[in-house]
Amino acid sequence: MPVLTSEVKTEKSVDKQHSETQQHISSNAKKVQLQSVTKTYSNGSHALLNANLEVKKGEFLFITGPSGSGKSTLLKLLYGQELPTQGEVIVDECNVAALKGDRLSLLRRRIGIVFQDYKLINQRTVAENVTFVLQAQGYTRKEIQRRLEPTLKLVGLLNKADCFPDQLSGGEQQRVSIARAIVSTPPLLLADEPTGNLDPDNSWQVIQILQKLNSFGATVIVTTHDEQLVRRCNHPVVQVRNGRLFRK
Ligand SMILES: Nc1ncnc2c1ncn2[C@@H]1O[C@H](COP(=O)(O)OP(=O)(O)OP(=O)(O)O)[C@@H](O)[C@H]1O
């Protein structure tokens, strides 16, 4: 991403950076494929059975299904937290199971992940929660500052940068976790029940932020139980039932 010249950024410069972010995401958007994927955990639980899926670059996909049907497992396979028992998981033309060490880390850096329970660090401010991953990845302080403000603006938390998580509402905490997931402008965003703990207004706000990211070109995959939310949006839906996938 290009460097802003002014340290004190104006609204205009923040907006300019949004459009630059948009170009960055568009040129890197991902494609995801599951090819005959079965996942059986070591205790014998069958999470996915011969699952096939293709998510096109720039698509916004909902994954729905009852509790225990395999939704989280599907996302975990995409970022390599779990490995398939059979079949192939392809992200950006890479077989995730074949990636090791640095190559797996590199793929993960390019995937933003949002969890239902936010996973924020309570002793760190909003700004610190959003930027600590960038620090760990060796971004310069200047680059981190350049990314922080437009990201907080996008999630509507510019005025909360110095707050701690326990000073925020649940909806605000979830928006911090989204900011953390998107601050590195990942071309693929995975959100596992991001609205699971939120009321309808906050849920809608979260979905709108994810849709905005998607409008910039990012591929977005969201698991949810919230059928009403799914109906309100006009996005493709895959339903998971007993480990099998059905396009609705
Ligand atoms: N680490 C694990 N070890 C063993 N079994 C697991 C593990 N994780 C998930 N499972 C099992 O795999 C199946 C699918 O679980 P998964 O978490 O993917 O479902 P889910 O659709 O995301 O559920 P929920 O909506 O409740 O989060 C379940 O039967 C679950 O018990």
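Residues numbered from 1 in each chain as written. Predicted model: local features only at pLDDT ≥ 70, side-chain atom pairs only at ≥ 80, totals over all residues. Heavy atoms only, no water.

1. Regarding the overall build of the chain
Part 1 of the reasoning: Across its full length, the chain holds eight helices and ten strands.
Part 2 of the reasoning: The 248 residues of the chain split such that 52% are buried.
Part 3 of the reasoning: A separation threshold of at least 6 residues defines the contact pool for the chain, and within that pool the share at least 24 residues apart is 73%. (Helix = DSSP H or I, 4+ residues; strand = E, 2+ residues; numbered from the N terminus. Buried < 20%, exposed > 50% of the residue type's maximum accessible area, 1.4 Å probe, protein only. Contact = heavy atoms within 4.5 Å.)

2. Observations concerning the sheet that holds strand 3 (residues 60-64)
Part 1 of the reasoning: With mixed pairing, the six strands of this open sheet are ordered in space as 6-7-8-3-9-10. What marks the edges here is a single partner per strand, and that holds for strand 6 (111-115) and strand 10 (244-247). Ignoring which end each strand starts from, the neighbouring axes of this sheet average 20° apart.
Part 2 of the reasoning: Of the strands in this sheet, strand 3, strand 7 (188-192) and strand 8 (219-223) are in contact with helix 7 (residues 200-215), which crosses strand 3 at around 140°. (Pairing = 2+ DSSP bridges. Axes fitted to C-alpha atoms, helices over the stretch in contact; angles between N-to-C directions.)

3. Comments concerning the UniProt feature "domain: ABC transporter" (unreviewed entry) in the chain
Part 1 of the reasoning: With numbering matched to this structure, UniProt assigns "domain: ABC transporter" (unreviewed entry) to residues 32-248.
Part 2 of the reasoning: The straight-line gap between the two end C-alpha atoms of residues 32-248 is 18 Å; of that span, 35% is helix and 26% is strand. (UniProt positions renumbered as here; feature names shortened; annotations may be inferred.)

4. Quick word on the pairing of strand 4 (residues 86-91)
Part 1 of the reasoning: With five bridges connecting them, strand 1 (residues 32-40) and strand 4 associate as antiparallel partners. Bridging from a neighbouring strand, T38 pairs with Q86 of strand 4.
Part 2 of the reasoning: As judged from the two bridges shared by strand 4 and strand 5 (residues 94-95), these two strands associate in the antiparallel manner. Counterpart to V91 in the pairing with strand 5 is C94.
Part 3 of the reasoning: Hairpin remark: strand 4 followed by strand 5, antiparallel, with two residues in the connecting loop; positive phi at D92, about 55°.

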